[in-house]
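Summary of structural features
Next come the chains, spelled out residue by residue.
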Amino acid sequence: MAGPQLKSTDTDNSNYAGLGPWLLLPSWLVIGFFLVLPVGLMLIYSFLTKEFRGGVVWDFSPAAYDQFFFDRGLFGDSAPTIELTYISIFWRSIWQAAVATILCLLIGFPTAWFIATKTGSNRTIWLFLITIPYWVNLLIRTISMKFLIRDNGPLNELLLSIGLISEPIHMINTNFAVQLGLFYSYLPFMVLPIYASVERYNFALSEAAADLYATKWVTLTKIILPVVKPGVIAGCILVFVPSLGAFLAPDLLGGAKNFMIGSLIEEQFKGNAGNWPFGAAASMILLSMVLVILTIYARQQVKAGDR
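Computed from a predicted model, the values in this text were never measured in an experiment.

A count of helical and extended segments in the chain gives 14 helices and four strands. Along the first, second and third principal axes, the C-alpha set of the chain runs to 85 × 70 × 35 Å. Total accessible area computed for the chain in this model is approximately 19,000 Å², and 69% of it derives from carbon and sulfur atoms. With 19 positive and 18 negative side-chain charges, the chain shows a separation of 6 Å between the mean positions of the two kinds.

Set out below in structure tokens:
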């Protein structure tokens, strides 16, 4: 009985062996239409010329990239100097995203560990609470944060009422407000991947380390972190990448003095006064940085797998 059954199974598998590429065709079509095509159009637009009244002229030129990195004066005929304005905005975006990632990691790791060590029903409740904010649109959540931390908002009113401060703390249009917005927006992106790794962690390893008189710090750094490292790295990427291109939190909470690269790109596509080629060039520069980060991560994962 077993012999013919195995033969039939092998025959069935051989009949579907050549269908693999065709089964992937819908996925490739979706990726090509919604990812490759838009990115390709953005790349083309980044090399076009801005029309004086808005839009683009189909005259290919690297002027948009030149504008991002170099300042050639008001009329474009001066000796080129490094354009610090856009580079400083880009650098501000990097360190804002990095700080947001660190803050999310410092809060997200203990939170994920706490949830993973709970029993089944309690764990479900805590995961439910973590995901509740995503039932509401990001724009509404950001505006709510702005209402909460304004000078006469509930947070300042509470601190005044309990006597911790004598006058309202100005938080709107500051780097702190931007950090708070990024942290609040992307904290679950850090918690959930780490939780998934901690849930698979064998807690007997920690007990064995304690039996061998290892300190809690040694157990954390030598046993726990190496095991849950994939979740930590995934969480950092999931927080850093969207924080790098965020524009709602900088626009609504940071103001003009705390511009980030996402806000700069958004401004270039607004109305007829926008500079589409420059916005596309800034987008491609941002995309290139993200691809470099993901490539480094992928190579490290491959090396770790080889070891």
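With respect to the helices, strands and loops of the structure, Gln268 is situated in helix H13 (residues 261–268). By relative accessible area, Gln268 is classed as buried at 14%. Leave out the neighbours within four places in its chain, and Gln268 touches Gly274, Asn275, Trp276, Phe278 and Gly279.

The terminal C-alpha atoms of helix H5 (residues 84–116) lie 46 Å apart, and with 33 residues this matches the ideal 48 Å at 1.5 Å per residue to within 8%. The largest bend in H5 comes to about 30 degrees, at Gly108, with the proline Pro110 one to four residues further on.

So, about the nonpolar core. In terms of nonpolar packing, the biggest core is built from 31 residues, with Ile149, Leu182, Ile194 and Leu253 touching the most fellow members. At the level of elements, H5, helix H7 (138–149), helix H9 (175–199), helix H11 (216–244) and helix H12 (248–254) are the ones that each hand at least two residues to this core. If near-sequence neighbours (up to four positions away) are discounted, Leu182 is found in contact with Gln96, Ala100, Ser243, Ala246, Ala249 and Met260. Grouped together as the second largest cluster of nonpolar side chains are 20 residues, Phe68, Phe90, Ile265 and Val290 included.

The backbone of Asn173 sits at a positive phi, close to 60 degrees, despite the residue not being glycine. Along the chain, the position of Asn173 falls in the loop between helix H8 (154–161) and H9. Residues other than glycine seldom take positive phi values, yet Tyr213 does so here, at roughly 65 degrees.

Relative to the elements of secondary structure, Ser161 occurs in helix H8. At 2.7 Å, the side chain of Ser161 and the backbone oxygen of Leu158 are in polar contact.

Our next topic: the packing of helix H6 (residues 120–131) against H9. Running from amino to carboxyl end, H6 crosses H9 at an angle of 155 degrees, the nearest separation of the two axes being 10 Å. Our classification of the angle between H6 and H9 gives roughly antiparallel. Between H6 and H9 lies a crossing whose hand is left-handed. Each of Arg123, Leu127, Ile130 and Thr131 in H6 lies in contact with H9, whose residues at this interface are Pro188, Val191, Leu192, Tyr195 and Glu199. Here the residues of the contact of H6 with H9 sort into six nonpolar, one polar and two charged.

Calculation criteria
Residues numbered from 1 in each chain as written. Predicted model: local features only at pLDDT ≥ 70, side-chain atom pairs only at ≥ 80, totals over all residues. Heavy atoms only, no water. Helix = DSSP H or I, 4+ residues; strand = E, 2+ residues; numbered from the N terminus. Areas by Shrake-Rupley, 256 points an atom, 1.4 Å probe, with all protein chains shown as cover. Lys, Arg positive; Asp, Glu negative; His and termini not counted. Charge placed at Lys NZ, Arg CZ, Asp CG, Glu CD. Buried < 20%, exposed > 50% of the residue type's maximum accessible area, 1.4 Å probe, protein only. Contact = heavy atoms within 4.5 Å. Expected span 1.5 Å × (residues − 1). Bend = angle between axes of the 7 residues up to and from the residue. Core = buried A, V, L, I, M, F, W, Y, C linked by side-chain atoms within 4.5 Å. Polar contact = N/O pair within 3.5 Å; in protein donor to acceptor, adjacent residues only side chain to side chain. Axes fitted to C-alpha atoms, helices over the stretch in contact; angles between N-to-C directions. Parallel < 35°, antiparallel > 145°, perpendicular 65-115°, else oblique. Left-handed = near helix turned anticlockwise from the far one by under 90°. Nonpolar A, V, L, I, M, F, W, Y, C, P; charged D, E, K, R; others polar.

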